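A look at the structure
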Amino acid sequence: MSTEATPSKLGWYIRRVSRMSPGEVIWRFREQAVRRAWAARQVPPGQVAGLPPLDGKGIRPRAERKFSPALAAEAAARVPAQAKAAIIADADKIMAGEWTMLGVTRTDMKDPDWFRCPATGQRSDPGTYAFSVNHRDESAVGNVKQVWEVSRLQHLTLLAVAWYLTGDDAYALRVDGQLRDWWAANPLLSGVNWTSGIELGIRLMNFAWIRRLLDGWAGAADLFEGNDLALRQIRWHQEYLATFESRGSSANNHLIAEAAGLLAASCAFPWFPESTRWRRRSASLLERSLRHNTFPSGINRELASDYHGFVAELGFFAAAEAQAAGHPVSDDCWRLLCAMTDDMAAMVDVRLRPPRQADSDEGRVVLLDAPEHNRWPALLSLGSVLFGPLEWWPAVPDDAGSALMEAFAGQARRAADGRPGRRPHRFADAGLTLLRTAPAPQSLPEIWCRCDGGPHGFLSIAAHAHADALSVEVRHDGVDILADPGTYCYHGEPQWRSYFRSTIGHNTAEIGGVSQSVDGGPFMWLRQARTRELGSDAPEVSWTAEHDGYAALRPAARHRRSVALNPGARRLDITDVIDGGGHEVRLAYHLGPAVAATLDGPVAELSWASEEGGAARSARLELPAGLEWRAHRGETDPILGWYSAGLGEKVPATTLVGTGLVRRDAPLITRLHFLDSANVESAHSDLAVSLGQSAASPVPDTPAEAQ
C-alpha cells in the first residue's frame with residue numbers, strides 16, 4: 001500500500017496535529033518508532049503452524065491453567081422464557097448463515113470472511129502489516145466499521161449463550177470452528193483487525209465470556225487452555241494493549257475499552273508471566289480513565305448518550321471480572337459506575353429510551369441477549385443486579401444478561417452512598433436538563449424533553465460531538481416528535497457524516513449559513529461553540545441557555561434559547577433570541593419518522609400512532625410567524641429530512657425549516673401543544689396566530705414530492 005500523502009490527507013494530518021499538545025506530539029512520534037520496531041514481530045497468515053511450541057516460555061503448564069469462576073448450571077433456569085426464545089431465534093439465524101450488523105445483513109455467517117466489507121464488497125489484504133493499513137481508506141478496506149464489527153466475535157458469545165441454555169452441541173461446535181478460524185486468519189499484527197485497540201479490548205472480554213459459557217461443554221478446555229493458538233492470541237492481544245495506548249486527544253472511550261479488556265483478560269486468563277503486572281496496570285488505568293471521562297454528576301464527558309451506556313457496560317464487565325478473580329476495583333470505582341447507572345435510569349423516557357445526543361454506533365461489549373437498537377433496558381437490568389434499583393427507578397425487565405451476571409458476580413449488591421433520593425432532572429456540570437411531566441392519575445402520556453446546554457464534547461477534538469448546542473429532543477409517550485436525527489455513518493460517506501453532525505441537522509438555529517462549531521473531519525472539530533446555562537425560576541419545568549458559536553461572524557451573533565413546559569396545558573414553549581443582526585437564520589425542527597405533518601403557513605398539524613395499541617395522537621406546532629416555513633423530506637441535494645435509527649440505517653422524515661432575517665427585539669416563539677383528549681378545546685382557543693385563507697400543505701411521503 002502506498003504511504004504517499006495526498007493533499008487531502010496532508011491537510012487532515014495538519015489539522016489533527018493542531019489539536020494536539022506538544023507532549024502528545026512527542027508521544028506520538030515515539031509510538032511511531034515502536035510501531036516500526038514491532039514490524040519484526042508480525043506473524044503473516046499461513047505461518048502460524050510453524051511457530052515454536054509455547055512450553056518453557058514462562059506460561060503456566062496446562063494443569064495449572066485455571067479459568068476464573070464459571071457459571072452454575074442452574075443459572076440457566078433463571079433466564080426468562082421470552083429472553084431465551086429470542087436468543088435461540090437469533091442464534092439459529094446465525095447458524096443458518098445470516099446476521100444483521102450495523103444495518104447490513106451478512107449472508108456468510110456460516111463461514112465469515114473476516115476481511116471483506118459486506119457494504120462495499122471491498123476485501124483488504126490479510127497479510128498487510130497492521131500499522132501500514134489506512135483504515136480510513138474505503139478503497140483499501142471498505143467501511144471499516146462493518147469489517148471490525150464481525151471480528152468483535154460477539155455473535156459467537158451469543159451462540160455460546162444458546163449452548164448454555166440448551167446444551168445443543170451444534171452451537172458450541174460452530175463457536176469452536178469459527179474461533180479457531182479467526183485465530184489462524186488473524187495472527188499478530190496482520191491485517192485490519194489489529195489496527196484499533198478498542199477492538200482488541202472488546203474481543204478479549206468476549207473470549208472470557210465464551211470460555212465461561214462453554215465451561216460445561218466437553219471441548220471447552222481443548223479450545224482454550226489446551227490450544228497453543230488460543231494462548232498466543234490471548235497473549236498477543238494483551239501485549240498489544242499493554243504497549244499501544246490511546247492518549248492525549250484520543251483518550252476517550254477507546255482508552256477505557258483498552259484498559260477494561262486488559263483487566264478482564266488478565267483476571268480471566270492469568271496464565272502468563274506478565275499477568276499480574278498487566279492486571280495491576282490495567283486496573284489503575286481503568287479507574288483513572290473512568291474518572292477523567294466522567295463528570296462528577298456521573299454523566300460521561302463525551303456527551304454522546306450512546307457512549308455513556310457503552311462506557312458503563314465496559315466498567316460493569318471489567319469490574320465484575322476483577323471481583324470474581326479476587327482482585328476487586330476500588331469502592332470509588334464502584335461508586336462511579338453506580339452513579340452512571342442512576343443517571344441512565346434518570347435520563348430514559350417512559351419506554352426506557354435514552355437521549356439520542358451526539359454520536360451513536362450501537363457499540364456493545366458482551367452480547368448475552370438478542371440485540372436490540374435500544375440496549376439501555378439491558379444495561380439498567382445489569383445495573384439493577386450490581387447496585388439495586390432505587391425507588392424512583394422505572395421498572396426494568398429481567399433478561400438473560402442480568403440472570404447470568406447475577407450468577408457470575410454474586411448476589412451481594414455493591415453498596416454506594418450518596419445515591420439520589422429522587423429522580424434527577426438536571427445535570428448542571430454536563431449541561432443536560434430534562435423537562436418531563438410526572439405520572440398522572442388520568443394516565444396522560446408522558447411529555448419528555450431533553451435540552452442541550454452543555455460543552456461541545458470531550459477533549460480537543462471532541463470526536464463524537466455534533467454541532468447541536470441548544471438543541472431539544474421532545475417525545476410523547478416515548479415516540480419521537482421533535483427528534484434528534486441520529487448518526488447514520490462514521491466512515492465512507494463524508495457528505496452524510498457532515499450532515500448528521502451539522503447544526504441544520506438538529507433542532508436548533510443555524511445562523512449565517514454555517515454550523516456553530518467548525519468541522520475539521522469525521523471525528524474532529526477545529527473550533528467548538530461554548531454554551532452556558534442561565535438561571536431559571538422554575539428549573540423543573542423551564543430552562544435557558546446560550547452559546548457563542550457565531551461570535552466569529554461579522555457582526556457577531558449570539559443565540560439564546562428558553563424552553564418552558566406547562567404540564568397542565570400539555571404544552572411546550574420554545575423562545576429563541578438572536579443577538580446580532582443582518583444574518584440569515586434557519587430554524588429547524590426535525591420530526592420523528594412516525595410523525596405526519598400538514599403545514600399551513602406558520603402552523604403544522606402533527607399526527608402519529610402511539611406505540612402501544614396504535615391509538616391516534618396529534619399535536620399542533622405553532623411556528624414563528626416571522627420566518628418563511630417549508631417542509632423537507634428525504635432530500636439529497638442538499639441533504640435534508642432524514643432520520644437514522646442506527647448506524648447504517650436512514651429513512652426519510654419530515655424537517656420543518658423556517659428561514660429569514662430576525663431582530664433582537666423580535667424573539668422567535670414556537671409552541672408545541674399536545675392535543676390529548678382533555679385539552680383539545682383549550683389548544684384551539686390558544687391559537688392566536690391568524691392563518692389567513694391559504695390552503696393547508698400536506699407534507700409529501702416521498703422525496704420526489706418534497707417541496
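In the block above lies the structure referred to throughout.
None of these values were measured; they are calculated from a predicted model.

Cut-offs applied
- Residues numbered from 1 in each chain as written.
- Predicted model: local features only at pLDDT ≥ 70, side-chain atom pairs only at ≥ 80, totals over all residues.
- Heavy atoms only, no water.
- Helix = DSSP H or I, 4+ residues; strand = E, 2+ residues; numbered from the N terminus.
- Rg over C-alpha atoms; globule rule 2.2 N^0.38 Å.
- Buried < 20%, exposed > 50% of the residue type's maximum accessible area, 1.4 Å probe, protein only.
- Contact = heavy atoms within 4.5 Å.
- Lys, Arg positive; Asp, Glu negative; His and termini not counted.
- Charge placed at Lys NZ, Arg CZ, Asp CG, Glu CD.
- Disulfide = S-S within 2.5 Å.
- 1 Å grid on protein atoms, 1.4 Å probe; cavity = no way out; pocket = protein on both sides within 12 Å on 5 of 7 lines; lining within 4 Å.
- Points joined across faces, edges and corners; volume = space filled by probe spheres on them.
- Nonpolar A, V, L, I, M, F, W, Y, C, P; charged D, E, K, R; others polar.
- Axes fitted to C-alpha atoms, helices over the stretch in contact; angles between N-to-C directions.
- Left-handed = near helix turned anticlockwise from the far one by under 90°.

A separate point is the overall build of the protein chain. A tally of regular secondary structure across the protein chain gives 18 helices and 26 strands. Computed over its C-alpha atoms, the radius of gyration of the protein chain comes to 26 Å, within 12% of the 27 Å expected for a compact globule of 707 residues. On the principal axes, the C-alpha backbone points of the protein chain span a range of 85 × 60 × 45 Å. A burial count over the protein chain gives 59% of its 707 residues as buried. Contacts spanning at least 24 positions in sequence make up 72% of the contacts within the protein chain whose residues lie at least 6 apart. Within the protein chain, the 84 negative side-chain charges are centred at a point lying 6 Å from the centre of the 74 positive side-chain charges.

What follows covers the state of the cysteines. Per the counting criterion, the structure on display carries zero disulfides. Of all cysteine sulfurs, the one in cysteine 338 lies closest to cysteine 333, which takes part in no disulfide; the gap is 12 Å. No disulfide involves cysteine 451; its nearest neighbouring cysteine sulfur is the one of cysteine 449, lying 3.9 Å away.

Moving on, we come to empty space enclosed by the protein. This structure, assessed with the given rule, holds four cavities of 30 Å³ or more. Taken together, Leu241, Ala242, Glu245, Glu258, Ala259, Leu262, Arg281, Ser282 and Leu285 make up the lining of the largest cavity. For the lining of the largest cavity, the secondary structure elements donating two or more residues are helix H10 (228-243), helix H11 (253-268) and helix H12 (275-292). Of the residues that constitute the lining of the largest cavity, the class distribution is five nonpolar, one polar and three charged. Contributing to the lining of the second largest cavity are Ile299, Asn300, Leu303, Ala304, Ser305, His308, Met347, Gln357 and Leu432.

Relative orientation of the contacting elements helix H13 (residues 305-324) and helix H15 (residues 376-387) amounts to 40°, with a least axis distance of 11 Å. Considering only the axes of H13 and H15, their crossing is left-handed. Touching Ser305, His308, Gly309, Glu313, Phe316 and Phe317 of H13 are Trp376, Leu379, Leu382, Gly383, Leu386 and Phe387, all from H15. Grouping the constituent residues of the contact of H13 with H15 by class yields seven nonpolar, four polar and one charged.

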